[in-house]
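The primary structure of each chain is shown beneath.
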Amino acid sequence: NSFGCTNIDSVVIVVNPLPQPKISGKTTLCKNLGTVIYTSPVNSGSTVQWSPVGGNIVNHITGSAVDTLFVTWTGGGKHTLRIWEKTVAGCIGMDSITVTVTQPVYTTNGTAHTFANYVSATGGTGTLTFRMVDTSTLNVNQSGGLIVYATAPTGTVSGTIIATDQYGMTGSVNFTVNVNAPIS
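It should be emphasised that the depicted structure is a prediction, and the values quoted were computed from it without experimental measurement. Position numbers for residues start from 1 in each chain and track the written sequence from start to end. Reporting in this predicted model follows two pLDDT cut-offs: at least 70 for local features of residues, and 80 or more for side-chain atom pairs to be given and counted; totals over whole chains, interfaces and linings ignore these cut-offs and use all residues. Where side-chain values are given, they derive from all heavy atoms of the structure, hydrogens and water being excluded.

Novice: Looking at this structure, how should I read the overall build of the protein chain?
Specialist: Helix and strand counts for the protein chain come out as zero helices and 14 strands. A run of H or I in DSSP counts as a helix once it spans at least four residues, and a run of E counts as a strand once it spans at least two, with each numbered from the N terminus. In the protein chain, the succession of helices and strands from N to C terminus is β-β-β-β-β-β-β-β-β-β-β-β-β-β. In the protein chain, buried positions account for 34% of the 184 residues. Put simply, of all contacts in the protein chain between residues at least 6 apart along the chain, 51% involve residues at least 24 apart. With residues, only the protein chains shown are counted as cover, and all accessible areas are computed by Shrake-Rupley using a 1.4 Å probe. For the protein chain, the computed accessible surface area is about 10,900 Å², with 52% contributed by carbon and sulfur atoms. Each residue is placed in one exposure class: buried if its accessible area under a 1.4 Å probe, protein chains only, is under 20% of its type's maximum, exposed if it is over 50%, and partly exposed if it falls in between. Contacts are assigned to residue pairs that have any heavy atoms within 4.5 Å of one another.

Set out below in structure tokens:
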């Protein structure tokens, strides 16, 4: 002022950090897998809201450091899971992930021939590969599904063929093939 007096006032400004929820859990899964568990770290006292677009919340457990959500996904395709966290100071943070639900792989036994058998599969995502288990006398072409005999057995040969899609989802079929001796 005109008398040379100065007045100083101080104000303390508190800047609270934004919460940083981070969703953990399966992002690629088979349709009809059942309930899938997702978690996120949260701040103590925060309010949390989840939104599974394309899924249903089965259960939600709020913890002081970790929030847990149980989801069943409906239908195949890409879905979104979001979480919002609001701290006691009113700061809001969000995270989201894309969840891809693939059709399960269905493997069916084809028409048997004297020394070969074809197997086909439907469903899954991308290119399917095949493998044979439970038998030492048969092999299956990994990319085409043609079963070939490693030796020329006669009688009954049994095994399991497993088809796998690009995400590692599998389907299997047990089979029995009756092999007749060649006609001479």
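Novice: When you look at the packing of aromatic side chains in this model, what are you seeing that I'm missing?
Specialist: Here the distance between the centres and the angle between the planes together describe a pair of aromatic rings. Two rings from Phe, Tyr or Trp (for Trp, the six-membered ring) form a pair when their centres are within 6.5 Å of each other. A pair whose planes differ by under 30 degrees is stacked, one over 60 is edge-to-face, and the rest are tilted. One pass over the full model with this rule turns up one aromatic pair. Relative to Trp73, the ring of Tyr38 lies with its centre 6.2 Å away and its plane at 85 degrees, an arrangement referred to as edge-to-face. Taken as a pair, Tyr38 in strand 2 (residues 36-41) and Trp73 in strand 5 (residues 66-73) lie far apart in primary sequence, 35 residues in all.

Novice: Explain the sheet that holds strand 1 (residues 28-30) here, please?
Specialist: Hydrogen bonds along the backbone pair up the strands of a sheet, which may run parallel or antiparallel. When DSSP finds at least two bridges between two strands, those strands are taken to pair. Taken in spatial order, the four strands of this open sheet run 1-7-6-3, and their pairing is mixed. Each edge of the open sheet is held by one strand with a lone partner, namely strand 1 and strand 3 (47-53). For this sheet, the mean angle separating the axes of adjacent strands, direction not counted, is 25 degrees. Both strand 3 and strand 6 (residues 77-86) contribute to a ladder of seven bridges, which runs antiparallel. Each bridged residue has a counterpart across the sheet, and for Val53 the counterpart in strand 6 is Thr80. Working convention: axes come from line fits to C-alpha atoms, limited for helices to the stretch in contact. Angles between N-to-C directions cover 0 to 180 degrees.

Novice: Looking at this model, I keep getting lost on the sheet that holds strand 5. Mind explaining?
Specialist: Within the open sheet, the three strands sit side by side as 2-5-4. Their pairing is antiparallel. The open sheet has two edge strands with one neighbour each: strand 2 and strand 4 (55-62). In this sheet, neighbouring strand axes are inclined to one another by 25 degrees on average, regardless of whether the strands run parallel or antiparallel. Pairing of strand 2 with strand 5, which is carried by six bridges, proceeds in the antiparallel orientation. Within the sheet, the bridge partner assigned to Pro41 lies in strand 5 and is Val66.

Purely geometric numbers; function is a separate question.
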